[in-house]
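# Observations on chain architecture
As a plain string of letters, each chain reads:
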Amino acid sequence: MDYKNLKPFPEGFLWGASSSAYQCEGACEEDGKTLSVSDTAPVPEGTTDFRVAIDHYHRFREDIALMAEMGFKEFRFSIAWPRIIPQGAGEVNEVAVKHYHEVIDECLKYGIEPVVTLYHFDLPQVLQDKYHGWTDRQCIEDFVEYCKVCFREYGKKVKYFLTINEQNMMVLYQGHMYGDEKAVWLANHNMLVAQAKAMIACHEICPSAKIGPAPNITAIYPASSSPADNLAAMDWDQMRNRLFLDTAVFGEYPEALMNWWKDRGVAPEVSEEDKAILKAGNPDFIAFNYYGAGCVKYVSTEEGEKLKAEAKEKKDFMTGLMTYPGLCAAVKNPLQEQTSYGMGIDPIGLRVTLRQLWERYHLPLLITENGCGVPDKLEEDGTIHDDYRIDYLRKHIIACREAITDGVDLMGYSPWSAFDLISTHQGITKRYGFIYVNRDEFDLKDMKRIRKDSFFWYKKVCESNGEILD
Ligand code: BG6
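About the cut-offs
- Residues numbered from 1 in each chain as written.
- Predicted model: local features only at pLDDT ≥ 70, side-chain atom pairs only at ≥ 80, totals over all residues.
- Heavy atoms only, no water.
- Core = buried A, V, L, I, M, F, W, Y, C linked by side-chain atoms within 4.5 Å.
- Buried < 20%, exposed > 50% of the residue type's maximum accessible area, 1.4 Å probe, protein only.
- Helix = DSSP H or I, 4+ residues; strand = E, 2+ residues; numbered from the N terminus.
- Domains from an automatic or database assignment.
- Buried area = accessible area lost by both parts, 1.4 Å probe.
- Salt bridge = Lys/Arg side-chain N within 4 Å of Asp/Glu carboxyl O.
- Nonpolar A, V, L, I, M, F, W, Y, C, P; charged D, E, K, R; others polar.
- Pairing = 2+ DSSP bridges.
- Phe/Tyr/Trp six-rings, centres within 6.5 Å; stacked < 30°, edge-to-face > 60°.
- Lys NZ or Arg CZ within 6 Å of the ring centre and 35° of its normal.
- Polar contact = N/O pair within 3.5 Å; in protein donor to acceptor, adjacent residues only side chain to side chain.
- Contact = heavy atoms within 4.5 Å.
- Near = heavy atom within 4 Å.
- Areas by Shrake-Rupley, 256 points an atom, 1.4 Å probe, with all protein chains shown as cover.
- Bend = angle between axes of the 7 residues up to and from the residue.
- Axes fitted to C-alpha atoms, helices over the stretch in contact; angles between N-to-C directions.
- Parallel < 35°, antiparallel > 145°, perpendicular 65-115°, else oblique.
- Left-handed = near helix turned anticlockwise from the far one by under 90°.
- Disulfide = S-S within 2.5 Å.

By size, the foremost hydrophobic cluster in this structure holds 141 residues, and its most contacted members are Trp134, Phe161, Trp261 and Tyr458. At 12 residues, the largest contribution of residues to this core is made by helix α9 (residues 181-205). Counting the residues that make up this core, at least three belong to each of domain 1 (14-292 + 339-463) and domain 2 (294-332).

Structure below.
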């Protein structure tokens, strides 16, 4: 629906941007930190690893000063579990505890609200080696103990905690690291229970703080208007989105999905005790990452198996992963614009997603990722003209305002990313930041921080509370 007048962004709206520890900190094995599963995962040829990243660990004061200059009201970053508890469980690393106090204090000094993710893809490698990570219930206890350390240390200063970043992406696209399909849903279940316990602990230890999950959520379009594709879109919405939010908010698995798993013999066992924990853990808000709406078609079990086998032969890893025989297969939406890296550009999809989340869950929403990852060119005069990024962000911010006018309770907009950092699979060349970091894949150069054109544009957005977008 179109409006004649759009509502303004609410007062106190959280304008800022996001990051994650392993993608920006560097200092990979410094001051007692041990490796995480992200540090040890093989990186594609031609791209850097995460050992030095953008050296944010040593340069956080300079980075936060630049964010303050942009007028940020919040900064979303993650705490590295293998830094705080190097062995995954047991002894706490006081140097690391002090470090994050300093980061938080530096934010507060400028009136920037720290939004702290407790776990962003960086399970301590020692726990993966010791008991195979999330497939073991011990991981629930170890995660909750780590969270409790963070709540006790930082709970008086931090108003917003996020539990687990993109649990759905970890499970759906990297779940094979846990084993067969049954192991994947077991690991997922353990993470859900851990998340619920962390939310309970947060409310007990620091009642003034708020906590929420941070999955990657997106509206799902059917590939055609056929009834079968419509059902497939609904089913994929259950598996990709609702599996992670119905459990977090209502403490219940989506019914049809559970029945489908049971029929195929892969359902996780949910004990009465776990049911009670899932019910007792309640989020105060929903944070979510959005990059572009999904599109699926129905595939029968037979067709799906064939598609998967063909994809395996062609070494087309993504198609294989995104095909669920008897449910759906992801397809490229010819009507959706894409970045040069094939990521969707779909601001209307963001409005649809915001509406769906608000109408289903009626909890305040916080956008914790959205952004345009492409190579940037540093000109000889030291400028970076990233008008494509400005254009991308402007359209998404307008979609936010339309959703607010629709009635959605949106708390803030925290795009990916505050500064350039190392992409999950595409190195430093795929840049998202407002702040350029002068390094290449293998040449660390001087790591100088340089303001992009989008930096000056976003400063006006933050300072005008979203009124000035040109
Ligand atoms: C999200 C992650 O999936 O997307 C981030 O939470 C990630 O860690 C971001 O960097 C962008 O993806 P990519 O692959 O371009 O780095």
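A separate point is the domain arrangement of the protein chain. Domain annotation for the protein chain reports domain 1 (14-292 + 339-463) and domain 2 (294-332). Across the interface of domain 1 and domain 2, roughly 1400 Å² is buried in total on both sides, 69% from carbon and sulfur atoms. The largest contributions to the domain 1 side of the interface with domain 2 come from Tyr173, Trp236 and Trp260, which together make up 36% of the buried area. Our enumeration of links across domain 1 and domain 2 arrives at zero salt bridges. Those elements that place two or more of their residues in the side of domain 1 that touches domain 2 are α8 (167-174), β6 (220-222) and α10 (227-249). Looking at which element gives the most residues to the side of domain 1 that touches domain 2, the answer is α10, with seven residues. Looking at the side of domain 1 that touches domain 2 residue by residue, the classes come out as 13 nonpolar, three polar and two charged.

Now for the sheet that holds strand β10 (residues 328-330). Through backbone hydrogen bonds, the strands of a sheet pair up, either in parallel or in antiparallel fashion. Strand order in this open sheet of four strands is β6-β8-β10-β9, and the pairing throughout is mixed. The open sheet has two free edges, formed respectively by β6 and β9 (323-324), since each of these has just one partner strand. Here β6 pairs with strand β8 (residues 294-297) via three bridges, running parallel. Each residue of the ladder has a partner; that of Ile220, found in β8, is Gly294.

Before going further, it helps to spend a moment on the packing of aromatic side chains. In the structure shown here, the tally under the stated rule is 27 aromatic pairs. Here Phe9 and Trp15 contribute two aromatic rings whose centre-to-centre distance is 4.8 Å and whose plane-to-plane angle is 65°, an arrangement assigned as edge-to-face. Taking the relative accessible area as the measure of exposure, Trp15 reaches 1% and is therefore buried. Aromatic side chains Tyr22 and Phe121 sit 6.4 Å apart centroid to centroid with 55° between the ring planes, which places their arrangement in the tilted category. Here Tyr22 is found in helix α1 (residues 21-24), whereas its partner Phe121 is found in the loop between β3 (113-119) and α6 (125-131), with 99 residues between them in sequence. Phe121 matches Tyr22 in its accessibility class, with the two residues each being buried. Grouped by ring-pair contacts, the aromatic residues Phe9, Phe13, Trp15, Phe72, Tyr413, Phe434, Trp457 and Tyr458 constitute a single cluster. Just above the ring of Trp260 sits the side chain of Arg264; from NZ or CZ to the centre is 4.1 Å.

Attention now moves to the side chain of Thr47. Take Thr47: it is sitting in the loop between α2 (37-40) and α3 (56-70). For Thr47, a relative accessible area of 13% translates into the label buried. Polar contacts involving the side chain of Thr47 include one to the main-chain carbonyl oxygen of Pro44, which spans 2.6 Å. When residues no more than four places from it in sequence are discounted, the contact partners of Thr47 are His425, Gln426, Gly427, Glu441 and Phe442.

Okay, the site of the ligand next. The full set close to the ligand counts 13 residues, and Gln23, Glu166, Thr424, Lys430 and Tyr432 are the nearest of them. Within the side chain of Tyr291, a nitrogen or oxygen atom sits 3.5 Å from an oxygen atom of the ligand. The separation between an oxygen atom of the ligand and a polar side-chain atom of Tyr432 is 2.5 Å. Bound to the protein, the ligand loses 91% of the 380 Å² it would expose on its own. Class assignment of the residues belonging to the shell around the ligand gives a composition of four nonpolar, six polar and three charged.

Attention now goes to the pattern of salt bridges. For the structure on display, the rule yields 36 salt bridges. Note that Arg449 and Asp63 form a salt bridge whose closest N and O atoms lie 2.8 Å from each other. Remark: Asp63 occurs in helix α3 and Arg449 occurs in strand β16 (residues 449-451); sequence separation between them is 386 residues. Asp63 gets classed as buried once you look at its relative accessible area, which sits at 0%. Two residues, Asp391 and Arg394, come together in a salt bridge whose shortest N-O distance is 3.8 Å. Here Asp391 and its partner Arg394 are both found in helix α16 (residues 387-406), three residues apart, which amounts to about one turn of the helix. When its relative accessible area of 31% is taken as the criterion, Asp391 is described as partly exposed. Classification of Arg394 as partly exposed rests on a relative accessible area of 24%. Taken together, the shared-partner salt bridges in this structure form one network comprising Asp376, Asp386, Arg389, Asp420, Arg431 and Lys452.

Of all bends in α10, the biggest is about 60°, found at Arg242. Positioned one or two residues after α10, Gly251 has a phi angle of 70°, which is positive.

Once that is clear, we can look at the environment of Phe434. Note that Phe434 resides in the loop between β14 (410-413) and β15 (435-437). For Phe434 and Lys332, which are 102 residues apart along the polypeptide, the C-alpha to C-alpha distance reads 29 Å.

So, about the packing of α10 against helix α15 (residues 347-361). Orientation of α10 relative to α15, taken along the N-to-C sense of each, is 40°, at an axis distance of 12 Å. Judged by the inter-axis angle, α10 sits oblique to α15. Between α10 and α15 lies a crossing whose hand is right-handed. Residues Asp237, Arg242, Leu245, Asp246 and Val249 of α10 touch α15, and the partners they reach there are Leu357, Arg360 and Tyr361. Partitioning the contact of α10 with α15 into residue classes produces four nonpolar, no polar and four charged.

This brings us to the state of the cysteines. Summed over the entire model, instances satisfying the criterion amount to zero disulfides. No disulfide involves Cys24; its nearest neighbouring cysteine sulfur is the one of Cys107, lying 11 Å away. Cys202 forms no disulfide, and the closest cysteine sulfur to it belongs to Cys206, at a distance of 4.0 Å.

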